[in-house]
Amino acid sequence: MKALRNSSRAETRRLGPRLVRAAAVASATGALLSLLAGCGTTPASSGGSTATSTTDVADPAAKAHDIEQDLKAAARAGGLSLLDEPTRDEQGCVVGYLLQPLSQNGPDPVDATVTSLHDNGWGGERRSQAKGMRRVTLTKEDWTLRVRDYSAQRAKRGFVALLATKASCGPS
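Below is a short write-up of the structure.

Reading the values: rules and limits
Residues numbered from 1 in each chain as written. Predicted model: local features only at pLDDT ≥ 70, side-chain atom pairs only at ≥ 80, totals over all residues. Heavy atoms only, no water. Buried < 20%, exposed > 50% of the residue type's maximum accessible area, 1.4 Å probe, protein only. Helix = DSSP H or I, 4+ residues; strand = E, 2+ residues; numbered from the N terminus. Arc of directions from axis to C-beta. Disulfide = S-S within 2.5 Å. Contact = heavy atoms within 4.5 Å. Lys, Arg positive; Asp, Glu negative; His and termini not counted. Salt bridge = Lys/Arg side-chain N within 4 Å of Asp/Glu carboxyl O. Polar contact = N/O pair within 3.5 Å; in protein donor to acceptor, adjacent residues only side chain to side chain. Core = buried A, V, L, I, M, F, W, Y, C linked by side-chain atoms within 4.5 Å. Pairing = 2+ DSSP bridges.

## Topic: helix α5 (residues 109-119)
Residues of α5 that are buried: Pro109, Val110, Thr113, Val114, Ser116 and Leu117. Projected down its long axis, α5 shows its buried positions confined to an angular sector of 160°, all on one face. Where α5 ends, the next residue or the one after it, Gly121, has phi of about 95°, a positive value.

So this is what it looks like as structure tokens:
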């Protein structure tokens, strides 16, 4: 057991803090997806109603795809590259990206990404900062996007997480 613990420590040192933080964010994104997996619907046999409107139910996957395209284009415009495959749940309630700035030089990638999102109809901007993490929240129709910047020191590349959630989705 001690040998396993020591090899795990060595692996953590080898991978470096950036990858460990990236894994933590990916894990948190996965946990959020699990939490939202119900997407606000109840089975028809229970006699319950759904939390989404009939228009949203018609093709929620298509709308999630549109949101995914918005995020992808904004990330590209912000000079961000994909660290992992985009995350999208089956119900079309959550879309997530884990990204890394392509370069340490040049314009701020988060500001450039947010500007691109504004151009695509995202608004209602709220900004905050806590514990070295910068957060920007935007909205579009029934969606809320959280942009989290984990590169507190511009000297280190860090990473950026984009997580869009549909407001009418949630635990049943």
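The discussion continues.
## Brief notes about the state of the cysteines
Tallying each qualifying case throughout the model produces one disulfide. Covalently, Cys93 is tied to Cys169 through a disulfide, its sulfur atoms 2.1 Å apart. The S-S bond linking Cys93 to Cys169 shows a torsion near -70°; that makes this disulfide left-handed. With Cys93 in the loop between β2 (87-88) and β3 (94-101) and Cys169 in the segment after β7 (160-166), the pair connects residues that are 76 residues apart, well separated along the chain. We note that Cys93, like Cys169, is buried.

## A short note on the environment of Leu80
Mapped onto the elements, Leu80 comes out in strand β1 (residues 80-82). On the basis of relative accessibility, which here comes to 7%, the residue Leu80 falls in the buried class. A sequence separation of 20 residues divides Leu80 from Gln100, and the C-alpha atoms of the two residues are 5.3 Å apart. The contacts of Leu80, once residues within four sequence positions are left out, are Ala75, Leu99, Gln100, Pro101, Leu102, Pro109, Thr113 and Val160.

## A word on the side chain of Asp89
Relative to the assigned elements, Asp89 resides in the loop between β2 and β3. Within the buried core, Asp89 has no salt-bridge partner, and the shortest N-O distance to an opposite charge, that of Arg88, equals 6.9 Å. At 3.0 Å, the side chain of Asp89 forms a polar contact with the backbone nitrogen of Val94.

## What about the nonpolar core?
One finds Leu71, Val95, Leu145 and Leu162 to be the most contacted residues of the largest nonpolar core, which totals 21 residues. Those elements that provide at least two residues to this core are α4 (60-77), β3, α5, β5 (133-140), β6 (143-149) and β7. Take this core: its biggest share by element is five residues, from α4.

## Here's the deal with the pairing of β7
Burial runs high along β7: seven of the seven residues are buried. Residue alternation in β7 divides its side chains into two sets, Val160, Leu162, Ala164 and Lys166 and Ala161, Leu163 and Thr165, and both sets are buried. In terms of strand pairing, β3 meets β7 through six bridges, oriented antiparallel. Bridging from a neighbouring strand, Leu99 pairs with Val160 of β7. When β6 meets β7, the two strands line up antiparallel, connected through seven bridges. Counterpart to Arg148 in the pairing with β7 is Ala161.

## Notes on the pattern of salt bridges
Tallied over the full model, the rule gives eight salt bridges. Across the pair Arg127 and Glu125 runs a salt bridge whose closest N-O atoms are separated by 2.5 Å. Judged by its relative accessible area of 43%, Arg127 falls in the partly exposed class. On the basis of relative accessible area, Glu125 is assigned to the partly exposed category, the value being 33%.

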